[in-house]
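One-letter residues, chain by chain:
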Number of protein chains: 4
Amino acid sequence: MQTQTLERMESNVRTYSRSFPVVFTKAQGARLTDENGREYIDFLAGAGTLNYGHNNPHLKKAMVDYLATDGVVHGLDMWTSAKREYFEALEQLILKPRNLDYKIQLPGPTGTNAVEAAIRLARKVKNRHNIVTFTNGFHGVTMGALATTGNRKFRENTGGIPMTGASFVPYDGYMGEATNTLDYFEKLLGDKSGGLDLPAAVIVETVQGEGGINVSGLEWLKRLESICHAHDILLIVDDIQAGCGRTGKFFSFEHAGIVPDMVTNSKSLSGFGLPFSHVLMRPELDQWQPGQYNGTFRGFNLAMITAAAAIKQYWSDDALEKDVQRKGKIIEERFQKLAAMLTEAGMPASERGRGMMRGIDVQTGDVADKITGKAFEHGLIIETSGHDGEVVKCLCPLTISDEDLQQGLDILEASVKAVTGKQAAATA
Amino acid sequence: MQTQTLERMESNVRTYSRSFPVVFTKAQGARLTDENGREYIDFLAGAGTLNYGHNNPHLKKAMVDYLATDGVVHGLDMWTSAKREYFEALEQLILKPRNLDYKIQLPGPTGTNAVEAAIRLARKVKNRHNIVTFTNGFHGVTMGALATTGNRKFRENTGGIPMTGASFVPYDGYMGEATNTLDYFEKLLGDKSGGLDLPAAVIVETVQGEGGINVSGLEWLKRLESICHAHDILLIVDDIQAGCGRTGKFFSFEHAGIVPDMVTNSKSLSGFGLPFSHVLMRPELDQWQPGQYNGTFRGFNLAMITAAAAIKQYWSDDALEKDVQRKGKIIEERFQKLAAMLTEAGMPASERGRGMMRGIDVQTGDVADKITGKAFEHGLIIETSGHDGEVVKCLCPLTISDEDLQQGLDILEASVKAVTGKQAAATA
Amino acid sequence: MQTQTLERMESNVRTYSRSFPVVFTKAQGARLTDENGREYIDFLAGAGTLNYGHNNPHLKKAMVDYLATDGVVHGLDMWTSAKREYFEALEQLILKPRNLDYKIQLPGPTGTNAVEAAIRLARKVKNRHNIVTFTNGFHGVTMGALATTGNRKFRENTGGIPMTGASFVPYDGYMGEATNTLDYFEKLLGDKSGGLDLPAAVIVETVQGEGGINVSGLEWLKRLESICHAHDILLIVDDIQAGCGRTGKFFSFEHAGIVPDMVTNSKSLSGFGLPFSHVLMRPELDQWQPGQYNGTFRGFNLAMITAAAAIKQYWSDDALEKDVQRKGKIIEERFQKLAAMLTEAGMPASERGRGMMRGIDVQTGDVADKITGKAFEHGLIIETSGHDGEVVKCLCPLTISDEDLQQGLDILEASVKAVTGKQAAATA
Amino acid sequence: MQTQTLERMESNVRTYSRSFPVVFTKAQGARLTDENGREYIDFLAGAGTLNYGHNNPHLKKAMVDYLATDGVVHGLDMWTSAKREYFEALEQLILKPRNLDYKIQLPGPTGTNAVEAAIRLARKVKNRHNIVTFTNGFHGVTMGALATTGNRKFRENTGGIPMTGASFVPYDGYMGEATNTLDYFEKLLGDKSGGLDLPAAVIVETVQGEGGINVSGLEWLKRLESICHAHDILLIVDDIQAGCGRTGKFFSFEHAGIVPDMVTNSKSLSGFGLPFSHVLMRPELDQWQPGQYNGTFRGFNLAMITAAAAIKQYWSDDALEKDVQRKGKIIEERFQKLAAMLTEAGMPASERGRGMMRGIDVQTGDVADKITGKAFEHGLIIETSGHDGEVVKCLCPLTISDEDLQQGLDILEASVKAVTGKQAAATA
């Protein structure tokens, strides 16, 4: 494979080409193929971007058909037939059946753009600067979103400039099982000298993806919603990674029965890997002045075409939901088994997740890297997350075939065995 | 046209659908078609995103061919054949012929992502927080970029939170012809109590697009480069709107013969209206640690396919450059004529621009809106820019046919006549 | 009493003249006298500024003698005999006997100046922006210190501008007895995505005065010191209110046997109510460049004269220490009794404190205000603290006579009885 | 002289003891005496703090008398007879005769406290975060005030943390004689994308002391006031160094006939070198809530006693004003002569100032240091200011005797001669 130009010209910031140092040429469903023709099962799937698989034929057809008619590809935020199609699909098949009444903002096409727009609107509406976010939260790396993202890797080495306008509160479970972290949050809110400036909004992931597949309890989420209501704080669910069916519902917060004031989606929203995001907001919060937030690629029409097609294809009935729950169960059981295997081998591990957003916490990035490294050797692409990269994270396409799923899990099991064996050998 | 769903569901932040309240269904070259089949000449062209026209057939073919092979659409920042193709085209046809030695970072796919990445890297490299930017500069609306953007519309109503880490300096010409604004900048740099924290970088547009087609002098740019070198400050040219041939050269800074330390491109970089951006940096500045800046849609493969195709199609020789200069001249002359017409009618106006980035400053947003409103009635889509929207701005495709260009200019002239006539009548 | 001019001309920000709306003309020891000749026992004593009583004759004599020789009153930070005298007294009688090796910085003469200087130096030395502070901490209201102060009253209504560069962590006991808040702090420090930027320093009060006489445990303080050492974080003890003997030792941290990297003192440092402060720092931290921090009133000579006299008078032996412990015990017992009385009357209350820094937490500002209001009627000046003003706080002079102390406590008891009676009546 | 303890124990931040490395023991009028009995003429005078000379007998008597009656020295912000006396003197002898209607806030006793209070109130009243300040302005070094202070020495080495909430605009004359810097300011205010957030207030020194005796024109000040009125911006005159008679009027802004919305005073306000400051504000701006700004040493009673005495002694008639003008003229003429002497010797220099706030700009800190170093050898204490320390600055007591003034000027002349002679020799 010719990689010299790539190595020479691409910034050192590159990362996945270090873990998977091959050139990929083809992608279909849950499989990637490299230039040498080798196939890999893809449990990474664009870090949650390819819930419907690579080059999903339904979505590709919709896009190619649209292109064939010279449909508008780029029109800033003009009205197009593509936009109308997207809005109608979203309204009819997603919002109405869930009794959700939201208006839609199309900010720049990435998750961080959506987060920036949401927190800026929250600040405007409440006329307060502070945003409460949670330990291990990840909401993007542009400066406004970064203030709500916990990772030092992104926050440091910035000439010292501090991230402003956000306060961190411990996520569910952060202080151990004995402590409900919302007790602390509620105390801070009621404390006039606790140092917490009354926030405009709370931003939360129901399952923290980058943070290490940390799953918040449904009661915890309900109470968080109540606290927000009691203190006149907006609740923003950042559903960029956990949304679009990943946890078994279109919106991950449906499990808890809560209704956020705003929702951010991106990643799998277009369904085809096209850059796209939206912010949903309760209508009374839509206090934007025309043009008060902009961006060249807001409302990318091709993405709206595939997004509408994805909604129609997968969210007209509950087939996908049920399938995600079924496959999630399969992954859960295998992961529990692998965790037990690791624990027995002296490498304490545990499984966690919701739906098809699942991970094995192996406690150190070192062990996790060994497992995922082995997996790649065996033809499985899977990444780690968590503050030390200590969680082996599965985000395979929701539409993965049972065969590919099994094969991927088998490779992972083989990799775990290789690592525990090696470890056993090493400590012998 | 069915617009109820669009009106009901889209946030009030929408803007172009207010100026152009129709639903567009088709776009080809320099023409847009609405749902009723009416055609419009497009002098807006994605605000600089469609330099090669809507649905450029060369680029569309490249993209459709790639899709047909199930090429990788989304792969985070993995290596793909698409990325390699893009890097090779950029290196061989753009960088090498211009004696430029840059490494490439693919941040999130929008301009603001590129700006955030560039200024963050500058801060890291120089270990200083401050970024110098210019009056009327526009570099994006995420919080880091927004600090370098002058518009109050975006900076206010944010709960009071101040934009931090940037200092404004007057752009070329801001203080009138008698004053070289770099005298002031240089004085501030040398003044230990002038209040200007030594910046990590200066970020500048060679022609300010959103700011009102403000054109910096070539000597001014050269001196700016010298000042940066003398004070150990990085020079970032934000070429998001003025780049990709708009001014008659691929990079707008080529006219001045300067070599920026970093360059940001986006908008027309993909050539097809696909979200895409890159940061170019001198190799020694590439001090990123792996993964220190990320984003789900960094390195959008479809965009790299069209970007490579655009480079090959339009930058293998100097035909486009020459054509841009020729057409730019045509626009310039017509705009001068229109400006004279307006001035004679008691509405003082002047023409300015470089290459095919041109505007007529009519001094008030009110007059400009009347002209562009009239133009839309007559079938021309054209927008305004400047701090008060006082500049009628032409960003038509570089590849526009002479017929479409003439027709668009004719419509604009008719619109100006209508406005001056109306004005004459009103003042009679 | 003539108060019209005062009322008309003084800003609404005035506060104590609302609680005690009389004009004071004379002050001696623990007694204040108003213009009508009425005497009051003073349990407020300058909020910790008058540990040696009003117009302490030893200190007054030293000051008047110095003035009689035309000693230098104001000399910026020039060397004077007064400064030398202060340094010698501090070194010989305070630092050496405690095995403390500190250098002295004389910033502006108030507590907030000292805090600003200390945290700025910490940032410089560690080249990090973040300062960890604690819930209910109070460190001053200038913008740098205010970032470390929890009170919303001061942090809000500032045009939205956020306080930057500080992170709050729960103080000892904040999360209930079951939770050691340092577990949380330590977890955050070790968590690369917990959202806590590695701090340059921790700033802590061993007993929070304004925060409500919250007393940190001695083991908690020791562990805090260990955590700071382990993570290369400076430990700053803000001893502005708790220092100068208030808790029974000259420095309040002596009880815990810790050695802070920096110490801030002010309030009772001059002993005579003169504005004065210093920052003590381990010699290797003295990385200031000459003149890098300044202020017109740094090193106020009269204050150094009285400060030296106070040290010589009260810290040459352990008589005062012992007396503070003895009187502290007296106050403690009476406060426990009062707390029990209140609790029995259906107004749950508890006593807390260390040395002669003591309070009764009556849970609501309303009850506390009734008690202190009654006390003033009866001739006792005493204030409240805590986030809701719910703690009746005693800071009487350390040198108060036993008679005055008893009389003050008697008045307080009468006031409590009046309030509980009224309350009983009200609920009957 | 014994300096070991001083050298060993005092932080490296010390500065004046480097220029004047002796121990001062006595001070009277315009003379300081060191431990060896050597006398010095004092043209520094506490950097503007000792307008009435060291140990002014009138003020000392008032203070000693007050102490003799056990007057309240420290009472937080309680009402005292001292405060009433100060308010009455200020109202009757200063405000009323000048037709000024202000309320008084007593913040912490230093200049930076007053500036912090004033800008915080401005932000609250206008609900905007931005404060406009001027190049070379100095308003204190606590973080809020520091944002408005230009000196890099104070702004850098703070762990990278940027000063937020202030924007710098060029002071009168900063851009040369041809440019009125208010043209630029006015343009920025009217420019919706100029990058200047609409400020809550402008803070300005009519003569910049630390900045290098930069004197703003009276027309410039009037226009600044007009601009503020037109844009609903508060005008704060920081009269900390230039006030209290230094320029020939009690308030330096009286020359221009303007009425600031707020005024800050400190330095010579107590008249005796005691820490003291106030903020004056138009009554309708007094929107503080009780206790919303505090500080232990607000309203230092001894200072109010001397401040009232100073007002009565020196501002009951116009004798001091006239004397300041007379002596200012003497200094001006001698400084012009010295500047000419330097210029002739190849060291270009110029004189500037207003009243008795005067300097010689010798263009480099090196030359200025040589002159002031020589002066100290000859028995004159005088300092430099300006961004490079290039201005020899005279701030001798307003009450200096003609003999001392002449002697000081003679020493300065001898020093200049020594330096020009040395220079001549060196270049020969």
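Quick caveat, the model's predicted, so the values are computed rather than measured. (Residues numbered from 1 in each chain as written. Chains lettered and ligands numbered in written order. Predicted model: local features only at pLDDT ≥ 70, side-chain atom pairs only at ≥ 80, totals over all residues. Heavy atoms only, no water.)

Engineer: With reference to specific residues and values, describe the overall build of chain A.
Structural biologist: Within chain A, the secondary structure is distributed over 14 helices and 18 strands. What you see for chain A is a C-alpha radius of gyration of 22 Å, in line with the 22 Å of a compact globule of 428 residues. Counting only C-alpha atoms, chain A reaches 65 × 60 × 45 Å along its principal axes. The buried share among the 428 residues of chain A stands at 70%. Of the accessible surface of chain A, which amounts to about 12300 Å², a share of 47% is contributed by carbon and sulfur atoms. Each charge sign in chain A was given a centre, from 45 positive and 52 negative side chains, and these centres are 2 Å apart. (Helix = DSSP H or I, 4+ residues; strand = E, 2+ residues; numbered from the N terminus. Rg over C-alpha atoms; globule rule 2.2 N^0.38 Å. Buried < 20%, exposed > 50% of the residue type's maximum accessible area, 1.4 Å probe, protein only. Areas by Shrake-Rupley, 256 points an atom, 1.4 Å probe, with all protein chains shown as cover. Lys, Arg positive; Asp, Glu negative; His and termini not counted. Charge placed at Lys NZ, Arg CZ, Asp CG, Glu CD.)

Engineer: Summarise the pairing of strand β14 (residues 357-361) of chain C; cite the residues concerned and give the values.
Structural biologist: Residues and elements named next belong to chain C. For β14, the tally of buried residues reaches five of five residues, placing the bulk of the element in the interior. Here strand β13 (residues 350-354) pairs with β14 via five bridges, running antiparallel. Directly across from G353, in β14, lies its bridge partner R358. Hairpin connection, β13 to β14: the antiparallel pair is bridged by two residues, and G355 has positive phi, about 60 degrees. The sheet contact formed by β14 and strand β17 (residues 391-394) spans four bridges and is antiparallel. (Pairing = 2+ DSSP bridges.)

Engineer: An account of the relation of the copies chain D and chain C is requested, with residue identities and associated values reported.
Structural biologist: Each of the two chain copies can be brought onto the other by rotation about an axis and movement along it. Superposing chain D onto chain C takes a rotation of 180 degrees combined with a translation of 0.0 Å along the rotation axis, leaving an RMSD of 0.0 Å. The transformation relating the two chain copies, once decomposed into turn and shift, fits a two-fold axis. Within chain D, the C-alpha atom positioned nearest to the axis of rotation is that of M143 of chain D, 2.6 Å from it. An overlap of 100% is found between the interface residues of chain D and their copies at the interface of chain C, pointing to a shared contact surface. (Least-squares fit on C-alpha atoms with pLDDT ≥ 70 in both. Contact = heavy atoms within 4.5 Å.)

Engineer: Go over the sheet that holds strand β12 (residues 262-265) of chain A, please, and point to the residues and values.
Structural biologist: Residue and element names in this part refer to chain A. Taken in spatial order, the seven strands make up an open sheet running β5-β13-β12-β11-β8-β6-β7, and their pairing is mixed. Taken across any chain shown, the strands that pair with only one partner, and hence form the sheet edges, are β5 (103-105) and β7 (166-169). Averaged over all adjacent pairs, the angle separating strand axes in this sheet is 25 degrees, with direction ignored. Across four bridges, the pairing between strand β6 (residues 131-134) and β7 is parallel. (Axes fitted to C-alpha atoms, helices over the stretch in contact; angles between N-to-C directions.)

Engineer: How would you explain the interface of chain B and chain C if you had to name every residue and give the values?
Structural biologist: Many descriptions give the size of an interface as the accessible area lost when the pieces come together. Residue-level contacts link five residues of chain B with five residues of chain C. Summing both sides of the interface, chain B and chain C together bury roughly 270 Å²; the carbon and sulfur share of this comes to 60%. At the boundary of chain B with chain C, the tally comes to zero salt bridges. Linking chain B with chain C are zero residue pairs in polar contact (both at pLDDT 80 or more). (Buried area = accessible area lost by both parts, 1.4 Å probe. Salt bridge = Lys/Arg side-chain N within 4 Å of Asp/Glu carboxyl O. Polar contact = N/O pair within 3.5 Å; in protein donor to acceptor, adjacent residues only side chain to side chain.)

Engineer: Go over the interface of chain D and chain C, please, and point to the residues and values.
Structural biologist: Listed by partner, the interface residues are 109 residues for chain D and 109 residues for chain C. Interface area for chain D against chain C, summed over the two sides, is near 9700 Å², with a carbon-plus-sulfur share of 61%. Among the residues chain D hides against chain C, the three largest losses belong to M9, W79 and R84 of chain D. Together they make up 10% of the total. Across the contact surface, chain D and chain C share eight salt bridges. Residue D70 of chain C pairs with K60 of chain D through a salt bridge whose shortest N-O separation is 2.5 Å. With seven residues, helix α5 (residues 81-95) of chain D is the single largest residue contributor to the side of chain D that touches chain C.

Engineer: Can you break down the relation of the copies chain B and chain C residue by residue, with the values?
Structural biologist: The transformation that overlays chain B on chain C combines an axial shift of 0.0 Å with a rotation of 180 degrees, and the residual RMSD is 0.0 Å. The overlap is high: 100% of the interface residues of chain B also sit at the interface in chain C, so the same surface is used on both sides.

Engineer: I'd like a description of the pattern of salt bridges, backed by residues and values.
Structural biologist: Counting across every chain of the model gives 152 salt bridges over all chains. K192 of chain B is the partner of D388 of chain D in a salt bridge, and the nearest nitrogen-oxygen pair spans 2.8 Å. Highlighted residues: D388 of chain D in the loop between β17 (383-385) and β18 (391-394) and K192 of chain B in the loop between α9 (181-190) and β8 (201-204), drawn from two different chains. The exposure class of D388 of chain D is partly exposed, given its relative accessible area of 29%. Since its relative accessible area comes to 42%, K192 of chain B is described here as partly exposed. Between K222 of chain D and E219 of chain D there is a salt bridge; the shortest N-O distance is 3.4 Å.

Engineer: Can you explain the packing of helix α4 (residues 57-68) of chain C against helix α4 (residues 57-68) of chain D? Please cite residues and give values.
Structural biologist: Packing of α4 of chain C against α4 of chain D brings their axes to within 12 Å, and their N-to-C directions diverge by 160 degrees. Considering their axes alone, α4 of chain C and α4 of chain D lie roughly antiparallel with respect to each other. Here α4 of chain C and α4 of chain D pass one another in a crossing that is left-handed. Together, K60, M63, V64 and L67 of chain C of α4 of chain C and K60, M63, V64 and L67 of chain D of α4 of chain D make up the contact between the two elements. (Parallel < 35°, antiparallel > 145°, perpendicular 65-115°, else oblique. Left-handed = near helix turned anticlockwise from the far one by under 90°.)

Engineer: Which residues make up helix α4 (residues 57-68) of chain B, and what are the values?
Structural biologist: Between its terminal C-alpha atoms α4 of chain B stretches 16 Å, which fits the 16 Å expected from twelve residues at 1.5 Å a residue. Within the sequence span of α4 of chain B, burial applies to L59, K60, M63, Y66 and L67 of chain B. Angular distribution of buried residues about the axis of α4 of chain B spans 130 degrees; they occupy a single face of the element. In α4 of chain B, those exposed residues whose orientation departs by more than 90 degrees from the buried face are P57, K61 and A68 of chain B. Considering only its buried residues, α4 of chain B is in contact with α4 (57-68) and α11 (301-314) of chain A together with α5 (81-95) and α11 (301-314) of chain B. (Expected span 1.5 Å × (residues − 1). Arc of directions from axis to C-beta.)

Engineer: Break down the confidence of the model for chain A for me, with residues and values.
Structural biologist: Put simply, chain A has an average pLDDT of 96, and 98% of its residues get 70 or more. Scoring the predicted complex yields pTM 0.97 and, for the interface, ipTM 0.97. (pLDDT = per-residue confidence, 0-100.)

Engineer: Describe the environment of D361 of chain B, and please don't skip the residues or the numbers.
Structural biologist: Residues and elements named next belong to chain B. Position of D361 among the secondary structure elements: in strand β15 (residues 357-361). Judged by relative accessible area, which is 14%, D361 ranks as buried. Taking the C-alpha atoms as reference points, D361 and P348, 13 residues apart in sequence, are found 8.5 Å from one another. D361 has contacts with P348, A349, S350, R352, E390 and V391, leaving out every residue within four places of it along the chain. A distance of 3.1 Å separates polar atoms of two side chains, one belonging to D361 and the other to R352. Of note is the side chain of D361, whose polar atom sits 2.8 Å from the backbone nitrogen of Q363.

Engineer: Got a sec to walk through unusual backbone geometry? Specific residues and values, please.
Structural biologist: All names here are of chain C. Positive phi values are uncommon outside glycine, yet K267 reaches one of about 40 degrees. In this fold, K267 is placed in the loop between β11 (262-265) and β12 (278-281). The class of K267 is buried, set by a relative accessible area of 7%.

Engineer: Can you explain helix α6 (residues 111-126) of chain B? Please cite residues and give values.
Structural biologist: Residues and elements named next belong to chain B. Its 16 residues place the ends of α6 23 Å apart at the C-alpha level, agreeing with the 22 Å of an ideal helix rising 1.5 Å per residue. Within α6, 15 of the 16 residues are buried, leaving the element largely enclosed by the surrounding structure. With its phi angle positive at about 50 degrees, N127 sits one or two positions after the end of α6.

Engineer: For the packing of aromatic side chains, give the residues involved together with the corresponding values.
Structural biologist: Summed over all chains, the structure comprises 68 aromatic pairs over all chains. Each ring, one from Y52 of chain A and one from Y314 of chain A, has its centre 4.7 Å from the other, and the planes form 10 degrees; the classification is stacked. Of this pair, Y52 of chain A sits in the loop between α3 (45-48) and α4 while Y314 of chain A sits in helix α11, placing them 262 residues apart in sequence. Summarising the aromatic geometry, the rings of F138 of chain C and F154 of chain C are spaced 5.9 Å apart at their centres and angled 65 degrees between planes, so their arrangement reads as edge-to-face. Placement of F138 of chain C in the loop between β5 (131-134) and α7 (143-146) and of F154 of chain C in helix α8 (residues 152-155) is noted, with a sequence separation of 16 residues between them. Accessibility assignment for this pair places F138 of chain C and F154 of chain C in one class, buried. An aromatic cluster of at least three residues, connected via ring pairs, comprises Y16, F20, F24, Y40 and F376 of chain A. The ring centre of Y174 of chain D lies 4.3 Å from the NZ or CZ of K187 of chain B, which sits over that ring. (Phe/Tyr/Trp six-rings, centres within 6.5 Å; stacked < 30°, edge-to-face > 60°. Lys NZ or Arg CZ within 6 Å of the ring centre and 35° of its normal.)

Engineer: Quick rundown of the state of the cysteines? Include the residues and the values.
Structural biologist: Taken as a whole and judged by the stated rule, the model has zero disulfides over all chains. Cysteine C396 of chain D is unpaired, with the sulfur of C394 of chain D as its nearest cysteine sulfur at 3.8 Å. (Disulfide = S-S within 2.5 Å.)

Engineer: Give me the lowdown on the environment of P397 of chain A, citing residues and values where you can.
Structural biologist: Residue and element names in this part refer to chain A. Inspection of the secondary structure puts P397 in the loop between β18 (391-394) and α14 (402-427). Judged by relative accessible area, P397 falls into the buried class, the value being 1%. Between the C-alpha atom of P397 and that of Q363, which follows or precedes it by 34 residues, the distance is 26 Å. The contact partners of P397, leaving out residues within four places of it in the chain, are G29, A30, D42, A45, L50, N51, G53, R246 and M356.

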